[in-house]
Every structure is written in C-alpha cells, then in structure tokens.
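# Topology and contacts: notes
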Amino acid sequence: MGGIIMKVSELQLGDIVSCLDDPVRVVSLSLKDDEPIGIMSPLKTIETFREEDVKPLPLTSKILLANGFEFDEEVKRGYVLYLDEGKTWYVAVSLRYNDEPRMTEISFERCGVVKPIQYVHELQHALRLVGLNDLAKNLKV
C-alpha cells in the first residue's frame, strides 16, 4: 500500500482513511492548499496533511465483522449485513480468491448499486449513494 496516494478529488467529508498509520476521519478538503486534507487526529485535534501523507484504509474481514457483517458462502465467498429499517436492505461484500474485498452490492428489493471496492472510504461512498448515511458515518475500524 506504500505507493498509493489519496487525491482530494477521491475523498468526501467523513471518509475514514489512514494517516501516519492511524485510522482517521476526513473533516476538511481544499483544492488550493499545500496541505489540502484535514483530518481529525486520534487526539481529537484537526490537522492538515498533503495528499501523499494520506493513504486508503484497506477494508478487511475484521472491519466487516466489527460492523455486524456475517460471513456468507452464498455471496460469492463474502460478507453480508441485513438492515432492518422497515425495508429489506442488505449490503454484501464479495471477496477475491485471496480474501481481499472485490465488489459491494447494496440492494433494496430489486433496486441497488454494485460497485468495485477495496477500501473503507469506497464502502462509505457506496453507502452514502443509497442514503445509508448513518451506517457510513458510524463505521467502526
């Protein structure tokens, strides 16, 4: 993961990324500054960083399990989270042969979104896309 750089254009406020090897939340973005990405540090202070200091946080089985996902062989060797908000929502994350996340599918009855995924912020983007903002905001890492 060493060579991957997060571009400001790839991020949204609230995204969880890695900065100085700690998981942090993006709290500000700028297209003009030398340090365009503002993050909330583990010490609860806001710091700004260059794009090359911020890395994507890999989505792992441990993170999925901590957020209520369950392993499901029928989901192309992946994890599924059923949501009960008066609807029949589910979020599925299928895995590659080496257990890295490959794809997420978020569905409500016959509607949904399918999106390639490898990182926590990509899952957050997919969740926000279908209006699951609270789940995106409250992901545990």
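Throughout this description, residue numbers start from 1 for each chain and increase along the sequence as written. Where totals are concerned, whole chains, interfaces and linings use all residues; where local detail is concerned, this predicted model gives features only for residues with pLDDT of at least 70, and gives and counts side-chain atom pairs only at 80 or more. Note: side-chain values were computed over all heavy atoms of the structure, leaving out hydrogens and water.

## A short note on the pairing of strand S3 (residues 37–40)
For two strands to be treated as a pair, DSSP must find no fewer than two bridges joining them. Note on conventions: DSSP H or I runs of at least 4 residues are helices, E runs of at least 2 residues are strands, and numbering of each starts at the N terminus. Of the strand pairs in this sheet, strand S2 (residues 22–29) and S3 are connected by 4 bridges, and their pairing is antiparallel. Note that in S3 the partner of leucine 29 across the bridge is isoleucine 37. As defined by bridge partners, S3 adjoins strand S4 (residues 46–49) across 4 bridges and the pair is classed as antiparallel. Paired with glycine 38 across the bridge in S4 is threonine 48. What sits between S3 and S4 in their antiparallel hairpin is a turn of 5 residues, with lysine 44 showing a positive phi close to 65°.

## A closer look at the packing of aromatic side chains
Stacked, tilted and edge-to-face are the three classes assigned to paired rings of Phe, Tyr and Trp, where Trp is represented by its six-membered ring and a pair needs centres within 6.5 Å; plane angles under 30 degrees give stacked, over 60 edge-to-face, the rest tilted. Applying the stated criterion across every chain yields a total of 1 aromatic pair. Ring geometry for phenylalanine 71 versus tyrosine 79: centroids 5.3 Å apart, planes at 75°, classification edge-to-face. On the basis of relative accessibility, which here comes to 41%, the residue phenylalanine 71 falls in the partly exposed class. With a 1.4 Å probe rolled over the protein chains alone, any residue whose accessible area is under 20% of its type maximum counts as buried; one over 50% counts as exposed, and the rest are partly exposed.

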